[in-house]
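One letter stands for each residue in the lines below.
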Amino acid sequence: RAVPTARRPVVKFCHKQSGLAGDISVDNRFGDAGLEGGEHKGCLFFPVTRRRLRPRRLALLNTRFLQLCAEADERVRPLVYAVRLWAKRQGLAGNPAGGGPLLNNYALTLLVLFFLQMRSPPVLPTVARLRDLAGDEDRAVVAGWDCSFPRDAASLEPSTNTESPGSLLAEFFRVFGDFDFPGQVISLREGRALPLPPPATPETSEGLKLGPLNLQDPFELSHNVAANVNEKTAARFGRCCRDAAKYCRSLQYRRKSSKGRVWGLTRLFQPGAVEPGAGSGGAFLISIPLDAGGGAQQLRKEPRGRGPWFWEACAAVAFVLRDVLKCSCAAGKPPKAPSEESALPGDSAL
């Protein structure tokens, strides 16, 4: 499906067998393909766009920058995924038709990287610091923008920050719950919030389009990654961050409930407002969508309901839990095969 209204027009597609979604962009210099305002899907949080690759184009350098950040510290990946999942559950992210007012994954990723730059001591270096660390072979200037940074994470000094991913997540919500989004410019190049230009100047010296949330691209400094976000979404993002920060200070976040209530990250990732003591008891279910035109019926046709399709789905879920979200996964008893007469439920989840 074509999305011509995106900043960089893309074609959206879905792999039928796995259900994985992706997008195709041609000749995209700046790396934010524009789906959902710059949606990045695929391996980790890097774009999977197919482009006419030209040497040192910004799209490729943008991807390498994100990869460098992910490899620089093992806490980056789980924190990015946690924030993106939380934002999606709260209805703050995702513009399926393109050009909507919600945050996109690229903007959320940059917010996390910026937050990690601001920690004391910092978890990640600023883009300006990376430029200073770049060797001669790493120097790159594209369309007038300095895109120099080391290509190898081993050349970076390890962070002395010892905060756990859980405490970093709680601090992320606290910091952005009180952040003045419309009154500042978030700069990953400097690793700090920059003041707005004088009122008489409608745009900054870099030509940045200002709005309710000003998030400067790390290389293309004239691009506000969150320019599509409206005032309502920016206000809701701050309010949801404050609610999440309050929840993270509660015992329900840090300690298993003795009353059977959903607790910890599980409650944080559920839809709706997060308040200490809220939420009914029950299990946190990870659903596997079954296409009504083939998924459930295909499983029923497999011998004893446990064919290759089923085990591929289980392997995919296990990969996400273990390797992406860094959950502790222990081997359990294999599921009992259903009888030949039994049929899978007609709903859309396993």
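You'll find the structure just up there.
Quick summary incoming for the structure in this document.

Rules and cut-offs
- Residues numbered from 1 in each chain as written.
- Predicted model: local features only at pLDDT ≥ 70, side-chain atom pairs only at ≥ 80, totals over all residues.
- Heavy atoms only, no water.
- Helix = DSSP H or I, 4+ residues; strand = E, 2+ residues; numbered from the N terminus.
- Buried < 20%, exposed > 50% of the residue type's maximum accessible area, 1.4 Å probe, protein only.
- Contact = heavy atoms within 4.5 Å.
- Areas by Shrake-Rupley, 256 points an atom, 1.4 Å probe, with all protein chains shown as cover.
- Polar contact = N/O pair within 3.5 Å; in protein donor to acceptor, adjacent residues only side chain to side chain.
- 1 Å grid on protein atoms, 1.4 Å probe; cavity = no way out; pocket = protein on both sides within 12 Å on 5 of 7 lines; lining within 4 Å.
- Points joined across faces, edges and corners; volume = space filled by probe spheres on them.
- Nonpolar A, V, L, I, M, F, W, Y, C, P; charged D, E, K, R; others polar.
- Axes fitted to C-alpha atoms, helices over the stretch in contact; angles between N-to-C directions.
- Parallel < 35°, antiparallel > 145°, perpendicular 65-115°, else oblique.
- Phe/Tyr/Trp six-rings, centres within 6.5 Å; stacked < 30°, edge-to-face > 60°.
- Lys NZ or Arg CZ within 6 Å of the ring centre and 35° of its normal.
- Salt bridge = Lys/Arg side-chain N within 4 Å of Asp/Glu carboxyl O.

Right, let's get into the overall build of the protein chain. A count of helical and extended segments in the protein chain gives 10 helices and eight strands. Looking at the protein chain as a whole, 45% of its 350 residues qualify as buried. Long-range contacts, defined here as pairs at least 24 residues apart, represent 62% of the contacts in the protein chain between residues at least 6 apart. A total accessible area of about 18,100 Å² is found for the protein chain, and carbon and sulfur atoms account for 55% of it.

Position of asparagine 105 relative to the elements: it lies in helix H3 (residues 105–118). On the basis of relative accessibility, which here comes to 10%, the residue asparagine 105 falls in the buried class. One polar contact links asparagine 105 to arginine 84, side chain to side chain, over a distance of 3.4 Å.

A volume near 350 Å³ is recorded for the second largest pocket. Contributing to the lining of the second largest pocket are 18 residues, with Pro125, Leu156, Glu157, Pro158 and Ser159 lying nearest its centre. Among the residues forming the lining of the second largest pocket, the class breakdown is 11 nonpolar, three polar and four charged.

Another point: the packing of H3 against helix H5 (residues 165–177). At a minimum axis distance of 11 Å, the contact between H3 and H5 shows a crossing angle of 100°. Relative to H5, H3 is oriented roughly perpendicular. Side by side, H3 and H5 meet where Leu111, Val112, Phe114, Phe115, Leu116 and Met118 of the first sit next to Leu168, Glu171, Phe172, Val175 and Phe176 of the second. Of the residues assigned to the contact of H3 with H5, the class counts are 10 nonpolar, no polar and one charged.

Per the counting criterion, the structure on display carries 13 aromatic pairs. Each ring, one from phenylalanine 115 and one from phenylalanine 172, has its centre 5.6 Å from the other, and the planes form 85°; the classification is edge-to-face. Of the two residues, phenylalanine 115 is situated in helix H3 and phenylalanine 172 in helix H5; the sequence distance between them amounts to 57 residues. What makes phenylalanine 115 buried here is its relative accessible area of 0%. Ring centres of phenylalanine 176 and phenylalanine 179 lie 5.4 Å apart, and the angle between their planes is 55°; this geometry places the pair in the tilted category. Both residues of the pair, phenylalanine 176 and phenylalanine 179, belong to the buried class. Ring-pair connections join several aromatic residues into one group, and the members of that group are Trp86, Phe114, Phe115, Phe172, Phe173, Phe176, Phe179, Phe181 and Phe237. Lying over the aromatic face of tyrosine 81, arginine 84 brings its terminal NZ or CZ to 5.3 Å of the ring centre.

The topology assignment puts leucine 116 in helix H3. Classification of leucine 116 by relative accessible area gives buried; the value is 0%. When the C-alpha atoms of leucine 116 and threonine 126 are compared, they prove to be 9.5 Å apart, with 10 residues separating the residues in sequence. Not counting chain neighbours up to four residues away, the residues in contact with leucine 116 comprise Val76, Leu79, Pro122, Val123, Leu124 and Leu168.

This part takes up the pattern of salt bridges. Following the criterion strictly, the structure yields four salt bridges and no others. Residues joined in a network through salt bridges with shared partners are Arg119, Glu163, Glu171 and Arg174.

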